[in-house]
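What the coordinates show
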Amino acid sequence: MSTTAPTRTFDVSGTSPVPFGRLVKVELRKMTDTRAGRWLIGIIAVATAGVVLMGFLLTRDSIDDRTFLSFFENTNTPQMLLLPVLGILLVTQEWGQRTTLTTFALEPSRGKVIAAKTVAALLFGLAAVVLAGLVSALAAVVGGAADPWADTEVLRIVNLTLLQVMAVLQGVGFGLLLLNSAGAIVLFFALPVVVNLVASFWSWLAEHGAWIDIAMAQGPLYGYDSLTGERLSPSLSGEQWAQLGVVSLLWIVLPFAIGMVRVWRTEMK
């Protein structure tokens, strides 16, 4: 008499999906678990404090220039250079360390993982802005200016924060585009230089550069005229917002979209 073993099935229909918040926490932890990530976060913190200290020392003969806004504006340069690298590393570290198979096995939804990485990158970027604000406020309080908050405008702070958010998202987009840390970092810094060089020889591109060059389009957000150094109003015109939108599509959305297609189609090995 023969007996047949009962057929067993593996039913996961009752298993709850991984909460998105948990994925974000995992991505935040991944960045601080790697040596490169810890070094980069440390360098961002040191550079932010360093430029504020430098500004503090250089204004010994003009104490009234030690305002919160002037210190906060100084922190913009190092963060604009370093925060995109953080966004790139958050995306590319999976591919460089060959942990993609584990990551996408635990969470098969690749779009959900990339969304968590993007949110984690933005949280790091906003944390850097908050750090810049705290250090700048401390420097302004102890600086000795008659009114360290005199020139503070909320809209200027918002514009500078928007610059950092755009920088982080651009870094994430370039990271997705190449899925390689070194290549994405080189392309991120080299491509705008190439565009500027071409514009210097091509009059049409120089004339319409603000519609193509992200650095030119972002100029009004800095609050200064790049040619004359004149202080600009923090309120952007309709044309300036349109230029900012077009370059965001070219430099952020397009690399992000192409990169997402690559992630969805790339075989995990």
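Reading guide: rules and limits
Residues numbered from 1 in each chain as written. Predicted model: local features only at pLDDT ≥ 70, side-chain atom pairs only at ≥ 80, totals over all residues. Heavy atoms only, no water. Helix = DSSP H or I, 4+ residues; strand = E, 2+ residues; numbered from the N terminus. Buried < 20%, exposed > 50% of the residue type's maximum accessible area, 1.4 Å probe, protein only. Contact = heavy atoms within 4.5 Å. Core = buried A, V, L, I, M, F, W, Y, C linked by side-chain atoms within 4.5 Å. UniProt positions renumbered as here; feature names shortened; annotations may be inferred. Phe/Tyr/Trp six-rings, centres within 6.5 Å; stacked < 30°, edge-to-face > 60°. Salt bridge = Lys/Arg side-chain N within 4 Å of Asp/Glu carboxyl O. Expected span 1.5 Å × (residues − 1). Bend = angle between axes of the 7 residues up to and from the residue. Polar contact = N/O pair within 3.5 Å; in protein donor to acceptor, adjacent residues only side chain to side chain.

As recorded in an unreviewed UniProt entry, the protein goes by ABC transporter permease subunit and comes from Nocardioides malaquae.

1. Description of the overall build of the protein
If you tally the helices and strands in the protein, you get eleven helices and zero strands. Ordering the α and β elements of the protein from the N terminus gives α-α-α-α-α-α-α-α-α-α-α. Out of the 269 residues in the protein, the part that is buried amounts to 42%. Within the protein, residue pairs in contact and separated by at least 24 positions form 80% of the contacts whose partners lie at least 6 positions apart.

2. What to know about the nonpolar core
With 31 residues, the main nonpolar core has Phe68, Phe71, Phe72, Met166, Leu221, Leu244 and Trp251 as its most contacted residues. Of all the secondary structure elements, the ones that give two or more residues to this core are α2 (35–58), α3 (68–74), α4 (76–96), α6 (110–143), α7 (154–178), α8 (181–201), α10 (214–222) and α11 (238–265). Counting residues per element, this core draws most heavily on α7, at six residues. With near-sequence residues (within four places) excluded, Phe72 lies in contact with Val129, Ala132, Gly133, Ser136, Ile157 and Leu160. Counting residues in hydrophobic clusters, the runner-up holds 26 residues, among them Ile44, Val85, Leu90 and Leu176.

3. Some words on the UniProt feature "transmembrane region" (unreviewed entry) in the protein
As recorded in UniProt, the feature "transmembrane region" (unreviewed entry) lies at residues 39–59, 79–97, 118–145, 157–179, 186–205 and 241–264. For residues 186–205, the end-to-end C-alpha separation is 23 Å, with 95% helix and 0% strand making up the annotated structure. End C-alpha atoms of residues 241–264 are separated by 32 Å, and the span's content is 100% helix alongside 0% strand.

4. Regarding unusual backbone geometry
The backbone of Leu179 shows a phi angle near 55°, a positive value even though the residue is not glycine. Residue position: Leu179 is located in the loop between α7 and α8. Residue Leu179 is classed as buried on the basis of its relative accessible area, which comes to 10%.

5. Considerations on the packing of aromatic side chains
A complete count under the given rule lists six aromatic pairs for this structure. For the pair Phe188 and Phe189, a centre-to-centre distance of 5.0 Å together with 90° between the ring planes defines the contact as edge-to-face. Residue classification places Phe188 among the buried positions, given a relative accessible area of 8%. On the accessibility criterion, Phe189 (34% relative accessible area) is partly exposed.

6. Concerning the pattern of salt bridges
Pairs can form between side chains of opposite charge once their charged atoms are near each other. Here the structure, examined in full by the defined rule, presents six salt bridges. Of the charged contacts, one joins Glu94 and Lys30 as a salt bridge, the two residues approaching to 2.3 Å between their closest N and O atoms. With Glu94 in helix α4 and Lys30 in helix α1 (residues 20–33), the pair connects residues that are 64 residues apart, well separated along the chain. One salt bridge in this structure joins Glu153 and Arg156, with 2.7 Å as the shortest N-O distance. Residues participating in the shared-partner salt-bridge network are Glu27, Lys30, Glu94 and Lys117.

7. Section: α8
Here α8 is 21 residues long and its end C-alpha atoms lie 31 Å apart, about the 30 Å a rise of 1.5 Å per residue gives. The sharpest bend along α8 measures roughly 25° and falls at Ala190, with the proline Pro192 sitting one to four residues further on. Restricting attention to buried positions, one finds in α8 the residues Ala184, Phe188, Pro192, Val195 and Ala199. For α8, the N-terminal capping position is held by Asn180, with its side-chain oxygen 3.3 Å away from the main-chain nitrogen of Ala182.

8. Side note on the side chain of Thr67
Secondary-structure assignment places Thr67 in the loop between α2 and α3. With a relative accessible area of 6%, Thr67 lands in the buried category. Within polar-contact distance, the side chain of Thr67 engages the side chain of Asp151 at 3.2 Å. In this view, Thr67 contacts Ala140, Asp147, Pro148 and Asp151; residues no more than four positions away in its chain are not counted.

9. Concerning the environment of Ala139
In this structure, Ala139 sits in helix α6. For Ala139 and Gln164, which are 25 residues apart along the polypeptide, the C-alpha to C-alpha distance reads 21 Å. Those residues in contact with Ala139 that sit more than four places away from it in its chain are Val52, Phe56 and Phe71.

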